[in-house]
Amino acid sequence: MHKKSFTTFLKSEKRYSLNTVISYNNDLTQFENFVFDIFGCNEIEKATFDMIRSWIAMLIDSEISATTVNRKICTLRSFFKFLVSNGVIQSNPTKKIIVPKKKVRVTNYISKQIMNKILSDDNFSNDFIGRRNFLIIEFFYYTGVRVSELINIKIKDFDFNKNKVKIFGKSKKERNVPMTAKFSKKIKNFISDFQITEYLFTNHNNKKLYNKKIYRLVKKHLSLYSSKTNNSPHILRHSFATHMLDNGADINAVKELLGHSSLTATQIYTHNSIAKIKNIYKNTHPRA
């Protein structure tokens, strides 16, 4: 009963995406099954600190990544905080839970040289599909948007006079992303030439594209030149951020462009830049 109310809260109040809500619900169901199987507790609201700690220990022993464990802990914290605020329980049993430390993650990205080869006109036909696919690759690399953001971009979101586009990110947060005049004109011509009426990226029937379609076409085109194992749209987002920082962009500006809620999420891209600086130092300093 309370789990259902919590799910409704995430959708209507927090305005989380469907995928996030499903993820939260799956975490709670997993925890619910655990406390019943191990402790015989059939009401998740009555779970104790010891039960939660045991579940976390089981997750860690299963060699689940620290990132995943932390996400599941976050789910429980949000759920029990919701119960406290609604007077269902008196105190939050997750308060003293210590989250496992995450390993420093170095992002994967495509070099500028390879990106120049990928973004060659010779790789794409001049018909609707060819120009659309080219524009999709460019859009990811020029703006750093997520897949979920790209597929929902509408014609009305563009301000071609000011060369910018309004992006609706996680939790429906809005941000304005600038475009070069040349790229802005290319999008405008694409819309005009193929009479696009609502969503920017569609199929022949003017229906917006779905996630898997985007993943497949991006992987196909990137794999022509990139030997990376994860040639996904996200690697273009990583490349966008890394190349911006390598060229001297302010990290706070990159944070805003990516739609990150905190600087911590953006800082993962600085590891690549630091590695580059170290390499330059090693190769150029006379005493290195």
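Data block above holds the structure.
Residues numbered from 1 in each chain as written. Predicted model: local features only at pLDDT ≥ 70, side-chain atom pairs only at ≥ 80, totals over all residues. Heavy atoms only, no water.

Colleague: Would you mind going over unusual backbone geometry with me for this structure?
Modeller: Glycine aside, a negative phi is what most residues show, and trans is what most peptide bonds show. A positive phi angle, close to 50°, is found at Q195, a residue other than glycine. A relative accessible area of 65% places Q195 in the exposed class. One non-glycine residue, N206, lies in the positive phi region at around 65°. Looking at the element boundaries, N206 is found in the loop between α8 (181-193) and α9 (211-222). (Buried < 20%, exposed > 50% of the residue type's maximum accessible area, 1.4 Å probe, protein only. Helix = DSSP H or I, 4+ residues; strand = E, 2+ residues; numbered from the N terminus.)

Colleague: What am I meant to see in the packing of helix α10 (residues 233-246) against helix α11 (residues 251-258) here?
Modeller: It is the contact of α10 with α11, at a shortest axis distance of 10 Å, that shows an interaxial angle of 160°. Taken together, the axes of α10 and α11 are roughly antiparallel relative to one another. Considering how the two elements wind past one another, α10 and α11 form a crossing that is right-handed. Mapping the contact onto sequence places R237, F240, A241, M244 and L245 in α10 and I251, V254, L257 and L258 in α11. Counted by class, the contact of α10 with α11 contains 8 nonpolar, no polar and 1 charged residues. (Axes fitted to C-alpha atoms, helices over the stretch in contact; angles between N-to-C directions. Parallel < 35°, antiparallel > 145°, perpendicular 65-115°, else oblique. Left-handed = near helix turned anticlockwise from the far one by under 90°. Contact = heavy atoms within 4.5 Å. Nonpolar A, V, L, I, M, F, W, Y, C, P; charged D, E, K, R; others polar.)

Colleague: In this structure, what is going on with the packing of aromatic side chains? I would like to understand it.
Modeller: Two aromatic rings, taken as a pair, are described by how far apart their centres are and by the angle between their planes. On inspection of all chains with the given rule, the structure shows 19 aromatic pairs. Taking the centre distance of 5.8 Å and the plane angle of 55° together, the rings of F139 and F183 count as tilted. Here F139 is found in helix α6 (residues 128-143), whereas its partner F183 is found in helix α8, with 44 residues between them in sequence. The same class applies to F139 and to F183, which are both buried. Here F139 and F201 contribute two aromatic rings whose centre-to-centre distance is 5.9 Å and whose plane-to-plane angle is 85°, an arrangement assigned as edge-to-face. Taken together, the residues F139 in helix α6 and F201 in the loop between α8 and α9 connect sequence positions 62 residues apart. Since its relative accessible area comes to 0%, F139 is described here as buried. (Phe/Tyr/Trp six-rings, centres within 6.5 Å; stacked < 30°, edge-to-face > 60°.)

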